[in-house]
Amino acid sequence: MDDAQLTAYLQTLGALRFDPIGRVAYLVESPSPGMHRLRAALLLQEGVGCIGDHPRRHASGREVSAISLEVLRVLQVRPEVPGDNLILEGIDLRALKPGDRLLVGEVVLERSERPHQPCATFRARTSPEAFEAVARTGLRGALFSVRRGGVIHVGDPVRKLS
């Protein structure tokens, strides 16, 4: 592991600032394990998640996954690499508590009780330093359940519902 790179990641990630209203920067569909495709829009269904994802992705409490674009920029990781459905800009996903809801375009997502932990797959797709940086900062992202389905588009606004 490159300790200098890890230290740089940690310092930069620690300085990130987020806004109360964000936007959808990228959308990613996973039609089969390990295959990630950037899309202009995704159809999300209650109890399922992203309709275009392979069936193993449709798990209760993790119907939709998200990560912040700001984090990916710091880590120098392309948006489709981690495999998260939503790449959001401006929203601090780490600050969301289980049960918090986001309005993403017309879709309502609810933050899951399940934490979005970095895993061996994330490490393999990124780097040991990126893995350690998100593990230490809690910036891996968030998992969601779909509470109101619909279509999400790149550029849609994202805001926390009160």
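Residues numbered from 1 in each chain as written. Predicted model: local features only at pLDDT ≥ 70, side-chain atom pairs only at ≥ 80, totals over all residues. Heavy atoms only, no water.

> Account for helix α1 (residues 3-14), naming residues and giving values.
With twelve residues, α1 should reach 16 Å at 1.5 Å per residue; the first-to-last C-alpha distance of 16 Å fits that figure. Among the residues of α1, L6, Y9 and L13 are the ones counted as buried. The buried residues of α1 occupy one face: seen down the axis, they fall within an arc of 60°. Of the exposed residues in α1, the ones pointing more than 90 degrees away from its buried face are D3, A4, Q11 and G14. Each element contacted by the buried residues of α1 is listed here: α2 (69-75) and α4 (128-137). At the N-terminal end of α1, a side-chain oxygen is found 3.1 Å from the backbone nitrogen of A4, two or three residues along, and the residue is D2. (Helix = DSSP H or I, 4+ residues; strand = E, 2+ residues; numbered from the N terminus. Expected span 1.5 Å × (residues − 1). Buried < 20%, exposed > 50% of the residue type's maximum accessible area, 1.4 Å probe, protein only. Arc of directions from axis to C-beta. Contact = heavy atoms within 4.5 Å. Polar contact = N/O pair within 3.5 Å; in protein donor to acceptor, adjacent residues only side chain to side chain.)

> Residues and numbers for the confidence of the model for the protein chain, please.
Residues at a pLDDT of 70 or more form 98% of the protein chain, whose mean pLDDT is 90. Across the protein chain, strand β10 (residues 150-153) holds the top mean pLDDT of 98, while helix α3 (residues 120-125) sits lowest at 84. (pLDDT = per-residue confidence, 0-100.)

> Describe the packing of aromatic side chains, and please don't skip the residues or the numbers.
Per the counting criterion, the structure on display carries zero aromatic pairs. The ring of F131 carries the charged tip of R123 above its face, separated from the ring centre by 5.5 Å. (Phe/Tyr/Trp six-rings, centres within 6.5 Å; stacked < 30°, edge-to-face > 60°. Lys NZ or Arg CZ within 6 Å of the ring centre and 35° of its normal.)

> If you had to explain the sheet that holds β10 to someone new, which residues and values would you point to?
Taken together, three strands build an open sheet; the order of strands is β4-β3-β10 and the sheet is antiparallel. Either end of the sheet is taken by a strand with one partner, and the two such strands are β4 (49-50) and β10. Both strand β3 (residues 41-45) and β10 contribute to a ladder of four bridges, which runs antiparallel. Bridge pairing in β10 links A41 to H153. (Pairing = 2+ DSSP bridges.)

> So what's going on with the side chain of D156? Residues and values would help.
With respect to the element layout, D156 can be found in the loop between β10 and β11 (157-161). Here H153 takes part through its backbone nitrogen, which lies 2.8 Å from a polar atom of the side chain of D156. Setting aside anything within four residues of it in sequence, one finds D156 in contact with G22, R23, V24, G105 and V151.

> Go over the pairing of strand β7 (residues 101-104) with me, naming the residues and quoting the values.
Sheet topology places β7 next to strand β8 (residues 107-111); four bridges connect them, and they run antiparallel. Bridge pairing in β8 places L103 opposite V108. With antiparallel pairing between neighbouring strands as the criterion, β7 and β8 make up a hairpin whose turn holds two residues, including G105 at a positive phi of roughly 60°. Bridge count between β7 and β11: four bridges; the pairing is antiparallel. The partner of V104 across the bridge, within β11, is V158.

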